[in-house]
Amino acid sequence: MNPDVRLKRSPFFYVGDKFKLIAEIRKHFPEKINTFVEPFLGGGSVFLNVDAKHYVLNDIDENVIALHKFLTSQASKEKALVTRIKDLVEQYNLSCSVFENVVPIELKKKWPKTYYAEFNRKGYGLLKSDYNTSKKKDLLVLFLLLIYGFNRMLRFNRKGEFNIPVGNVDFNQNVLKALQDYFVTAREKEVSFSAQDFKKFLTSQKFSKNDFVYVDPPYLISASEYNKLWNEELDGELMQILDRLNDKGIRFALSNISAYNGRKNEKLISWMKKYNVYPIKSNYISYHNNTKKEITEVLITNY
Ligand SMILES: C[S@@+](CC[C@H](N)C(=O)[O-])C[C@H]1O[C@@H](n2cnc3c(N)ncnc32)[C@H](O)[C@@H]1O
């Protein structure tokens, strides 16, 4: 990887994404990758910053994958999409510093720290209820709900309704740039997506020699929204599948944490001994209380 190439931020601004660590992590990636395979895609910060011929990408979260597919489908219609965003932002009166729909100074004085949330609350509420009651779901609306939502998360209740409250955020230049960068990758690269459990996904892949699997699962001993989907059994199954890839000569790299705030992932610590382990300087912020945690983040490779 050329270290001088500017890093791309994913337009998902995914909680726990690898954006801040990707420069360090990809130093350990292979030089030549034919197909880049990612079973735990999340927002896609990694594939966006890795050179490969093809990308085969997967996440169990169907909504995340639906948004990736939607954004990819818009890559050749960038201008029309930006116009639609502008129209929606105006229609719902959402703050948008790129299109000059800015928060009035009086509101900034009254709510110096939360003026975006104050300004957007009403429009966001309307956008959300229109989305939840619509028969045909507009994925651009879902994308805007993500962008203006709290912690930029996608979460649905049992009835399937999107239920994230407004965030204290804006559609700013960074969001537009991230979208434009995503479109460049989607136009230039051959990318395919699926929404499967990692076991099904990895065991059904037809690998060839220069393929490379990057694995960034939920971390067993840390706390984040998608960790609800994870447990010791799945952690163990993932290690077994990686061993099988190793037996077949397929290269992989696994991100994980071996210790977190006094807790240790003993099974991982013992498993990783047979591979190469690189410490990664982590700046992980707790999703629960924004405090920095004592953690040991590692990248484990078999090549
Ligand atoms: C640590 S995040 C990946 C973040 C990603 N590297 C990024 O930079 O945005 C882990 C992801 O695994 C997904 N996931 C959780 N359980 C899964 C499973 N059983 N199979 C596939 N994906 C799963 C979650 O939906 C989440 O997006």
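Analysis parameters
Residues numbered from 1 in each chain as written. Predicted model: local features only at pLDDT ≥ 70, side-chain atom pairs only at ≥ 80, totals over all residues. Heavy atoms only, no water. Domains from an automatic or database assignment. Buried area = accessible area lost by both parts, 1.4 Å probe. Salt bridge = Lys/Arg side-chain N within 4 Å of Asp/Glu carboxyl O. Nonpolar A, V, L, I, M, F, W, Y, C, P; charged D, E, K, R; others polar. Helix = DSSP H or I, 4+ residues; strand = E, 2+ residues; numbered from the N terminus. Axes fitted to C-alpha atoms, helices over the stretch in contact; angles between N-to-C directions. Parallel < 35°, antiparallel > 145°, perpendicular 65-115°, else oblique. Left-handed = near helix turned anticlockwise from the far one by under 90°. Contact = heavy atoms within 4.5 Å. Core = buried A, V, L, I, M, F, W, Y, C linked by side-chain atoms within 4.5 Å. Buried < 20%, exposed > 50% of the residue type's maximum accessible area, 1.4 Å probe, protein only.

**Student:** Give a detailed account of the domain arrangement of the protein, specifying residues and quantitative values.
**Tutor:** What the domain assignment reports for the protein is domain 1 (22-60 + 196-301) and domain 2 (68-173). One C-alpha centre belongs to domain 1, the other to domain 2, and the line joining them spans 31 Å. Across the domain 1/domain 2 interface, buried area totals approximately 340 Å², and carbon plus sulfur atoms make up 61% of it. Put simply, domain 1 and domain 2 have zero salt bridges between them. The residue makeup of the side of domain 1 that touches domain 2, split by class, is two nonpolar, three polar and one charged.

**Student:** Report on the pattern of salt bridges, specifying residues and quantitative values.
**Tutor:** Side chains that differ in sign of charge can pair as their charged atoms come close. Following the criterion strictly, the structure yields 12 salt bridges and no others. Notably, a salt bridge pairs Lys 199 with Glu 237, separated by 2.9 Å at the nearest N-O pair. Of the two residues, Lys 199 is situated in helix H8 (residues 198-203) and Glu 237 in helix H9 (residues 232-247); the sequence distance between them amounts to 38 residues. For Lys 274, the salt bridge is made with Asp 243, and the minimal N-O distance between the two is 3.2 Å. Here Asp 243 lies in helix H9 and Lys 274 lies in the loop between helix H10 (266-271) and strand S7 (276-280), a separation of 31 residues in the sequence. Linked by salt bridges that have partners in common, Arg 6, Lys 177 and Asp 181 make up one network.

**Student:** Provide a residue-level description of the packing of helix H3 (residues 78-91) against helix H7 (residues 173-188), including the pertinent values.
**Tutor:** Running from amino to carboxyl end, H3 crosses H7 at an angle of 150°, the nearest separation of the two axes being 12 Å. As the angle between them shows, H3 and H7 are arranged roughly antiparallel. Once H3 is placed against H7, the crossing between them reads as right-handed. Across the interface between the two elements, Glu 78, Leu 81, Val 82 and Ile 85 from H3 touch Leu 176, Leu 179, Gln 180, Phe 183 and Arg 187 from H7. Taken together, the residues of the contact of H3 with H7 break down into six nonpolar, one polar and two charged.

**Student:** An account of unusual backbone geometry is requested, with residue identities and associated values reported.
**Tutor:** Positive phi, normally seen in glycine, also occurs at Arg 152, with a value near 45°. Assignment of secondary structure puts Arg 152 in the loop between helix H6 (139-148) and H7. Here Asn 261, not a glycine, exhibits a phi torsion of approximately 50°, which is positive. Structurally, Asn 261 is set in the loop between strand S5 (251-260) and strand S6 (263-264).

**Student:** Run through the nonpolar core, naming residues and quoting values.
**Tutor:** Ranked by size, the top nonpolar core spans 64 residues in total, and within it Phe 29, Phe 36, Ile 85, Tyr 148, Phe 171 and Tyr 214 carry the most contacts. Listing elements by their share of this core, those giving two or more residues are helix H1 (22-25), strand S2 (54-58), helix H2 (62-73), H3, helix H5 (115-133), H6, H7 and strand S4 (212-215). The element contributing the most residues to this core is H6, with nine residues. In this structure, this core is formed jointly by two domains, domain 1 (22-60 + 196-301) and domain 2 (68-173), each of which donates at least three residues. Core analysis: the second largest hydrophobic core is formed by 25 residues, Val 56, Leu 202, Leu 238 and Leu 242 among them.

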